[in-house]
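Overview (structure and organization)
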Amino acid sequence: AHLDRIERYNPSLNAFLLIDAEGALATAREVDEARARGEELPRLAGVPIAVKDIACTKGLTTTAGSRMLEGFVPPYDATIVGKLRAARMPILGKTNMDEFAMGSSTEHSAFGPTRNPWDLDRIPGGSGGGSSAAVAGFLAPLAIGSDTGGSIRQPGAVTGTVGVKPTYGGVSRYGVIALASSLDQIGPCARTVADAALLHEVLGGHDPLDSTSIDAPVPPVVAAATGTRDLTGLRVGVVREIGDTGEGSAFQPGVIQRFEESLEQLRALGAQIVEVSCPHFVYAMAAYYLILPSEASSNLARYDAMRYGARTTPDDSPSAEQVMAASRDQAFGDEVKRRIILGTYALSSGYYDAYYGQAQKVRTLIARDFEAAFEQADVLVSPTAPTTAFRIGDKMQDPMAMYLNDIATIPANLAGVPGMSIPSGLAKEDGLPVGIQILAPAMEDQRLYAVGAALE
Ligand code: GLN
């Protein structure tokens, strides 16, 4: 049924870059046969899933949305893909994304934008717009995303779906194409909080192949998502510095209105709303756009046209360096180049302390803000994104306007804490989905699910 919907709607949505009907059906058939034999099967056996094209899939082209990796067929599976296979979940295909996960609209994909099922003229968020559009459009019941600054949560918000960024280190990054290694985190996209929890437990857990993977049990997220809806005594913090409505605010009135209604709902469920202050959050964007490009410039240095990936060979017996330069010039898009240049500059001797070093200090202050806030509150909440889905083309000429989409989601990546976006109704001005973000202390992912399920 999902493959039928993909065939019918993917031409207009462009959510999938690759559809593996044969592979998905083979897995589904094996599960059916095993079930007929009375074999005991994993909980999600037979449930189809879409995988963001940032995770390596053995034998299936993996591009990260870039011409640089066009036609690249990985010889191995990412750990999370191996887990999906062990869970016997049919992999429907690979989903579209901003090139190397840089963007908030999926318009930076080298393979054309993905469209939002709510309105085909609008963006589905990014960078994981393909995964969220697939889930929102019922082309897949579940999908995988990656979140470096909001790429699971913001697409979730603007497509009316659930998106979770687990605690940093909670899910293995092995075999996931790196954007910024200290910020990247894999997580679930789903239509309900309980669905996300089921997938979270499949994905999570220690992986010796990822040195930043946490060696601790996966937080009990399914139990939290399916437990009591009573939030009596729970302290919910509203961060004063996110979602201000003053003059020049990036936040759309309809987004703020839905957020305030969610706060009312939380009160009705027994929660106590407290205001907390995180004074350094206002510097999160600036710090992020130094740390991310710095790490990305280093990670993307591997695309040298020598070992794998696109190669452009200039005429007249070029040197290796000329081949590298020509290949990178041809195969990287503008946003990727912008960030490589910015990162290389920020890391260069003479500027390192002033930019990268300073940004790392700000990062520490943001982590301390979270620590202080979590002494006063069990979870924090905010709108996930400042606006509903904007029109395709609206922000492509203005990188700053694009970056502002992640103003509420970036602090969690800088501090490594988990975050979730769940739908909180439609904005009155445009009838488009709005998301509310829930944040919890590191390794307390189950709190997101308890609050998310209660609000849902
Ligand atoms: N939109 C943010 C960026 O462009 C976040 C990307 C992400 O989370 N992968 O960096």
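- In the nomenclature of an unreviewed UniProt entry, the chain is known as Glutamyl-tRNA(Gln) amidotransferase subunit A of Ornithinimicrobium pratense.
- The UniProt entry for the chain carries the following comment under Subunit (unreviewed entry): "Heterotrimer of A, B and C subunits."
- Entered under Function (unreviewed entry) in the UniProt record, the comment concerning the chain runs "Allows the formation of correctly charged Gln-tRNA(Gln) through the transamidation of misacylated Glu-tRNA(Gln) in organisms which lack glutaminyl-tRNA synthetase. The reaction takes place in the presence of glutamine and ATP through an activated gamma-phospho-Glu-tRNA(Gln)."

**Here we look at the overall build of the chain**
- In terms of helices and strands, the chain carries 15 helices and 11 strands.
- Over its C-alpha trace the chain gives a radius of gyration of 21 Å, about what one expects of a compact globule, namely 23 Å for 456 residues.
- Along the first, second and third principal axes, the C-alpha set of the chain runs to 70 × 65 × 45 Å.
- Counting across all 456 residues of the chain, residues that qualify as buried make up 57%.

**What to know about the packing of helix α9 (residues 284-299) against helix α11 (residues 334-347)**
- The contact between α9 and α11 brings their axes to 7 Å, and the two run at 100°. Classified by the angle between their axes, α9 and α11 sit roughly perpendicular to one another. The segment α9 lies against α11, with Leu 290, Pro 293, Ser 294, Ala 296 and Ser 297 engaging Arg 339, Ile 340, Leu 342, Gly 343, Thr 344, Ala 346 and Leu 347.
- Its residues assigned to classes, the contact of α9 with α11 comprises seven nonpolar, four polar and one charged.

**Section: the UniProt feature "active site" (unreviewed entry) in the chain**
- Within this structure's numbering, the places UniProt gives as "active site" (unreviewed entry) are Lys 52, Ser 127 and Ser 151. These annotated residues cover 100 residues of sequence, and their C-alpha atoms all fall within 10.9 Å of one another, placing them together at a single site.
- By secondary structure assignment, the location of Ser 127 is in the loop between β3 (91-95) and α4 (129-136).
- Classification of Ser 127 by C-beta neighbours within 10 Å gives buried; the count is 34.
- Setting aside residues no more than four positions away along its own chain, Ser 127 makes contact with Met 97, Asp 98, Ala 101, Met 102, Gly 103, Thr 106 and Ser 151.
- By the element assignment, Ser 151 lies in the loop between β4 (142-147) and α5 (153-159).
- Not counting residues within four places of it along the chain, the set of residues in contact with Ser 151 comprises Ala 101, Gly 126, Ser 127, Gly 128, Gly 145 and Ser 146.

**As for the site of the ligand**
- As a structural note, the neighbourhood of the ligand is formed by 14 residues, with Ala 101, Ser 104, Thr 148, Gly 149 and Ser 151 the closest of them.
- Grouping the constituent residues of the shell around the ligand by class yields four nonpolar, eight polar and two charged.

**A few points about the packing of α9 against helix α12 (residues 353-376)**
- Relative to each other, α9 and α12 sit at 125°, their axes nearing to 9 Å. The angle between the axes of α9 and α12 places the two elements in the oblique class. For the pair α9 and α12, the sense of crossing is left-handed. Where α9 abuts α12, its residues Ala 284, Ala 287, Leu 290, Ile 291 and Ser 294 lie against Tyr 355, Tyr 356, Ala 359, Gln 360, Val 362, Arg 363 and Ile 366.
- Among the residues making up the contact of α9 with α12, the classes are represented as nine nonpolar, two polar and one charged.

**Overview of the sheet that holds β3**
- The 11 strands lie next to each other as β1-β3-β2-β4-β6-β5-β10-β11-β9-β7-β8, forming an open sheet whose pairing is mixed. Here the strands that pair on one side only, and so sit at the sheet edges, are β1 (16-19) and β8 (272-276). The mean angle between the axes of side-by-side strands here comes to 30°, regardless of whether they run parallel or antiparallel.
- With three bridges joining them, strand β7 (residues 235-239) and strand β9 (residues 379-383) adopt parallel strand pairing. Bridge assignment links Gly 237 to a residue of β9, and that residue is Leu 380.
- Together, β4, β5 (162-165), β6 (185-190) and β10 (419-426) form the strand contacts of helix α6 (residues 193-203), whose direction differs from that of β6 by roughly 145°.

**Digging into the pairing of β7**
- In terms of strand pairing, β7 meets β8 through five bridges, oriented parallel. Its bridge partner being in β8, Arg 235 is matched across the sheet by Gln 272.

**Quick notes on the environment of Gln 322**
- Note on placement: Gln 322 falls in helix α10 (residues 320-331).
- According to the C-beta neighbour criterion, Gln 322 is partly exposed, with 14 such atoms within 10 Å.
- For the pair Gln 322 and Thr 312, spaced 10 residues apart in the sequence, the C-alpha separation amounts to 9.3 Å.

**Let's talk about the pairing of β10**
- Where burial is concerned, most of β10 is hidden: six out of the eight residues are buried.
- Pairing between β10 and strand β11 (residues 433-439): six bridges, direction antiparallel. Bridge pairing links Pro 423 to Gly 435 in β11.

**A closer look at the environment of Ala 284**
- Topologically, Ala 284 is positioned in helix α9.
- The exposure class of Ala 284 is buried, given the 28 C-beta atoms found within 10 Å.
- Sequence-wise, Ala 284 and Pro 411 are 127 residues apart; in three dimensions their C-alpha atoms are separated by 5.8 Å.
- If near-sequence neighbours (up to four positions away) are discounted, Ala 284 is found in contact with Ile 366, Ile 410, Pro 411 and Leu 414.

**What to know about α6**
- Most of α6 is tucked away, with 10 of its 11 residues classed as buried.
- Of the residues making up α6, those classed as buried are Val 193, Asp 195, Ala 196, Ala 197, Leu 198, Leu 199, His 200, Glu 201, Val 202 and Leu 203.
- Taken from the residues just after α6, Gly 205 is the one with a positive phi, measuring 115°.

**Focus on unusual backbone geometry**
- In this model, Gly 126 is joined to Ser 127 through a cis peptide bond whose omega is 5°.
- The phi dihedral of Phe 100 falls on the positive side, at around 50°, and the residue is not glycine.
- Tracing the backbone shows Phe 100 in the loop between β3 and α4.

Cut-off values and rules
- Residues numbered from 1 in each chain as written.
- Predicted model: local features only at pLDDT ≥ 70, side-chain atom pairs only at ≥ 80, totals over all residues.
- UniProt positions renumbered as here; feature names shortened; annotations may be inferred.
- Helix = DSSP H or I, 4+ residues; strand = E, 2+ residues; numbered from the N terminus.
- Rg over C-alpha atoms; globule rule 2.2 N^0.38 Å.
- Buried ≥ 20, exposed ≤ 12 C-beta atoms within 10 Å, placed from the backbone.
- Axes fitted to C-alpha atoms, helices over the stretch in contact; angles between N-to-C directions.
- Parallel < 35°, antiparallel > 145°, perpendicular 65-115°, else oblique.
- Contact = placed C-beta atoms within 7 Å.
- Nonpolar A, V, L, I, M, F, W, Y, C, P; charged D, E, K, R; others polar.
- Near = placed C-beta within 6 Å.
- Left-handed = near helix turned anticlockwise from the far one by under 90°.
- Pairing = 2+ DSSP bridges.

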